[in-house]
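# Coordinates in review
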Amino acid sequence: MTPYLSSPRVILDCDPGLDDAIAIALALRHLQVVGIATVGGNVGLERTTANALALCDILGATHVPVHAGHDIPLSGSLEHRATEYHGPNGTGSVQLPNPSRPPTSVNAVEWIVETIRGEEGLTVIATGPLTNIAHALNAAPDIVERIAQVSWMGGSSDAGNTTAAAEFNCWVDPEAADIVFRAGLERLTMIGLNVTHTVLLDRPWIDQLRTDINKPELTVFADLLDYYEVRQRSLTTLAGAAVHDALAVINVSHPELLAGIKRPVEVILAEGAARGMTLVDRRPRREPAPVAATVIEWADGDSIRQLIHGALTCGSGSGTGDPSAA
Ligand code: RIB
Ligand code: CA
């Protein structure tokens, strides 16, 4: 099924990545994806790019260009990736088929700039570190006013995950996040851990999904979620898999399913325990803040789970995850 021509047209910048895989499936189902840019994050750029290409093959989206971007954050170094959650290749224990094609280019930043300069009103959905987006804004400040919205899965208005203070995407490249937050974007939406942790896919839900998947090639998504659910339950106190990145897509395709408020946000850059933190000021202030974002604070978990179910089962089954409702 293809999205309606009235759906928002988006650039998806991602680091697949288990939850990025769900985000890609949702974006291809509900939005007009003009192209995918890959970034180093969960795993290295070579793997995130191969994973994005392989997922496009599986999802019948070989027409969607995939451009490889930056592997390393602006700081020039990266202490570690997120393989404890995503597995050595970024796809858990799943070995995706080799991609049917090479990346469209290895110049994602140039492609992002050219694409935005060529089309007013595109939305940028970012589900990894903001390295590519920051490079694009630095190279072409003129694109800021042409972007309809940046919808970013990153940061947190409460706890971090990589450190006590920092969420992974921001922790990898806080300088990039600071550049994006300070760029003067008309609409910047931060979908942080504070809300993504409230939408979980638990074991019964994933088992029901596997039952309901009616295209054999999509069964791999149940395999990806199986791994992610086990890892998140073993490494955190979460009672299921938080598919963080899916919410950055749904914020664009179904904005009525999330709610947030514009708040001042400071990205902490100083070395130390708070580096990579998105310090969200939730005081009831009146004066405007120069660096702010719409911070999402609520999500309709049931409806989001139904959308994920529908995207992976082509609309079959109940989507509620209730085995009795199949
Ligand atoms: O903290 C969650 C984020 O880090 C998600 O984007 C996940 O894919 C990882 O990149
Ligand atoms: Ca990601």
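Since this is a predicted model, take the numbers as computed values, not measurements.

## Notes on the sheet that holds strand 1 (residues 9–14)
- Spatial ordering of the open sheet is given by 3-2-1-4-5-6-11-9-10, a layout of nine strands whose pairing is mixed. Single-partner strands in this sheet number two, and they are strand 3 (66–68) and strand 10 (278–280). If you compare each strand with its neighbour and ignore which way they point, the axes differ by 30 degrees on average.
- With four bridges connecting them, strand 5 (residues 147–153) and strand 6 (residues 188–191) associate as parallel partners. Counterpart to V150 in the pairing with strand 6 is L188.
- Contacting strand 1, strand 4 (122–126), strand 5, strand 6, strand 9 (258–267) and strand 11 (292–299), helix 11 (residues 244–253) crosses the sheet at an angle of about 160 degrees to strand 5.

## A word on helix 5 (residues 131–139)
- Looking at helix 5, one finds that the buried residues are T131, N132, I133, A134, A136 and L137.
- Looking at the buried residues of helix 5, the elements they touch are strand 1, strand 2 (32–38), helix 4 (108–118), strand 4, strand 5 and helix 7 (174–181).

## Thoughts on the coordination of the calcium ion (ligand 2)
- Protein ligation of the calcium ion (ligand 2) involves D15 (OD), D20 (OD), D20 (OD), T127 (O) and D245 (OD), the donor distances falling in the range 2.2 to 2.6 Å.
- Site description for the calcium ion (ligand 2): donor spacing in sequence, D-x4-D-x106-T-x117-D. Residue D15 is found in the loop between strand 1 and helix 1 (18–30), and its partner T127 is found in the loop between strand 4 and helix 5; the two are separated by 112 residues along the sequence. Summarising the burial analysis for this pair, D15 and T127 share the class buried.

## Quick notes on helix 9 (residues 203–212)
- Within the sequence span of helix 9, burial applies to W205, I206, Q208, L209 and D212. In an axial view of helix 9, the angular spread of the buried residues amounts to 160 degrees, which keeps them on one side of the axis.
- Residues of helix 9 that are buried make contact with strand 7 (200–201), helix 10 (219–235) and helix 12 (301–313).
- One side-chain oxygen of the residue at the start of helix 9 lies 2.9 Å from the amide nitrogen of W205, identifying that residue as D202.

## As for the layout of surface pockets
- What the second largest pocket holds in volume is close to 370 Å³.
- What lines the second largest pocket is a set of 26 residues, and nearest its centre among them are Y85, N161, T162, F168 and H244.
- Looking at the lining of the second largest pocket, the elements with two or more residues in it are helix 1, helix 3 (83–86), helix 6 (168–172), helix 10 and helix 11.
- Considered class by class, the residues forming the lining of the second largest pocket number seven nonpolar, twelve polar and seven charged.

## Some points on the pairing of strand 2
- Counting buried positions along strand 2 gives seven out of seven residues, so the element sits mostly inside the fold.
- For the crossover from strand 1 across helix 1 to strand 2, the handedness is right-handed.
- Note that strand 2 and strand 3 share three bridges and pair parallel. By the bridge assignment, I36 is partnered in strand 3 with V66.
- Read from strand 2 through helix 2 (residues 45–58) to strand 3, the crossover connection turns out right-handed.

## So, the confidence of the model for the protein chain
- Of the residues in the protein chain, 95% have a pLDDT of 70 or more, and the chain-wide mean is 95.
- Here residues 317–326 is modelled with pLDDT under 50, and outside its nearest four sequence neighbours on either side it reaches 20 contacts, counting other chains as well.

## What about the environment of D202?
- With respect to the helices and strands, the residue D202 is situated in the loop between strand 7 and helix 9.
- Residues D202 and A239 lie 37 residues apart in sequence; the distance between their C-alpha atoms is 6.6 Å.
- Other than its neighbours up to four places away in sequence, D202 contacts E229, A239 and G240.
- A polar contact is formed between the side chain of D202 and the backbone nitrogen of W205, at a distance of 2.9 Å.

## Description of the site of ligand 1
- In the neighbourhood of ligand 1, 14 residues make up the surrounding shell, with D19, N42, N161, E167 and D245 lying closest.
- The contact in question runs from an oxygen atom of ligand 1 to an N or O atom on the side chain of N42, over 2.8 Å.
- In the complex, the protein chains occlude 97% of the 270 Å² of accessible area that ligand 1 would expose alone.
- Comparing atom positions with the cavity grids shows ligand 1 to sit within the second largest pocket.
- Residue assignment for the shell around ligand 1 shows that the elements contributing at least two residues are helix 1, helix 6 and helix 11.
- Of the residues in the shell around ligand 1, the class split is three nonpolar, six polar and five charged.

## Quick look at the side chain of D20
- Relative to the helices and strands, D20 is located in helix 1.
- This buried residue, D20, is left without a salt bridge; R81 holds the nearest opposite charge, at 11 Å.
- If we ignore the near neighbours within four places in the chain, the residues touching D20 are C14, D15, N42, T127 and D245.

## Notes on the environment of P16
- Inspection of the secondary structure assignment puts P16 in the loop between strand 1 and helix 1.
- Residues P16 and G44, 28 residues apart in the sequence, show an inter-C-alpha distance of 9.7 Å.
- With near-sequence residues (within four places) excluded, P16 lies in contact with I24, V43, R47, T48, N51, A52, L55 and G90.

Conventions we followed
Residues numbered from 1 in each chain as written. Chains lettered and ligands numbered in written order. Predicted model: local features only at pLDDT ≥ 70, side-chain atom pairs only at ≥ 80, totals over all residues. Heavy atoms only, no water. Pairing = 2+ DSSP bridges. Helix = DSSP H or I, 4+ residues; strand = E, 2+ residues; numbered from the N terminus. Axes fitted to C-alpha atoms, helices over the stretch in contact; angles between N-to-C directions. Contact = heavy atoms within 4.5 Å. Buried < 20%, exposed > 50% of the residue type's maximum accessible area, 1.4 Å probe, protein only. Donors = N, O, S within 2.8 Å, 3.2 Å for Na, K, Ca; no water. Arc of directions from axis to C-beta. Polar contact = N/O pair within 3.5 Å; in protein donor to acceptor, adjacent residues only side chain to side chain. 1 Å grid on protein atoms, 1.4 Å probe; cavity = no way out; pocket = protein on both sides within 12 Å on 5 of 7 lines; lining within 4 Å. Points joined across faces, edges and corners; volume = space filled by probe spheres on them. Nonpolar A, V, L, I, M, F, W, Y, C, P; charged D, E, K, R; others polar. Right-handed = clockwise from strand over helix to strand, strands pointing away. pLDDT = per-residue confidence, 0-100. Near = heavy atom within 4 Å. Areas by Shrake-Rupley, 256 points an atom, 1.4 Å probe, with all protein chains shown as cover. Sits in = over half its atoms within 2 Å of the grid points. Lys, Arg positive; Asp, Glu negative; His and termini not counted. Salt bridge = Lys/Arg side-chain N within 4 Å of Asp/Glu carboxyl O.

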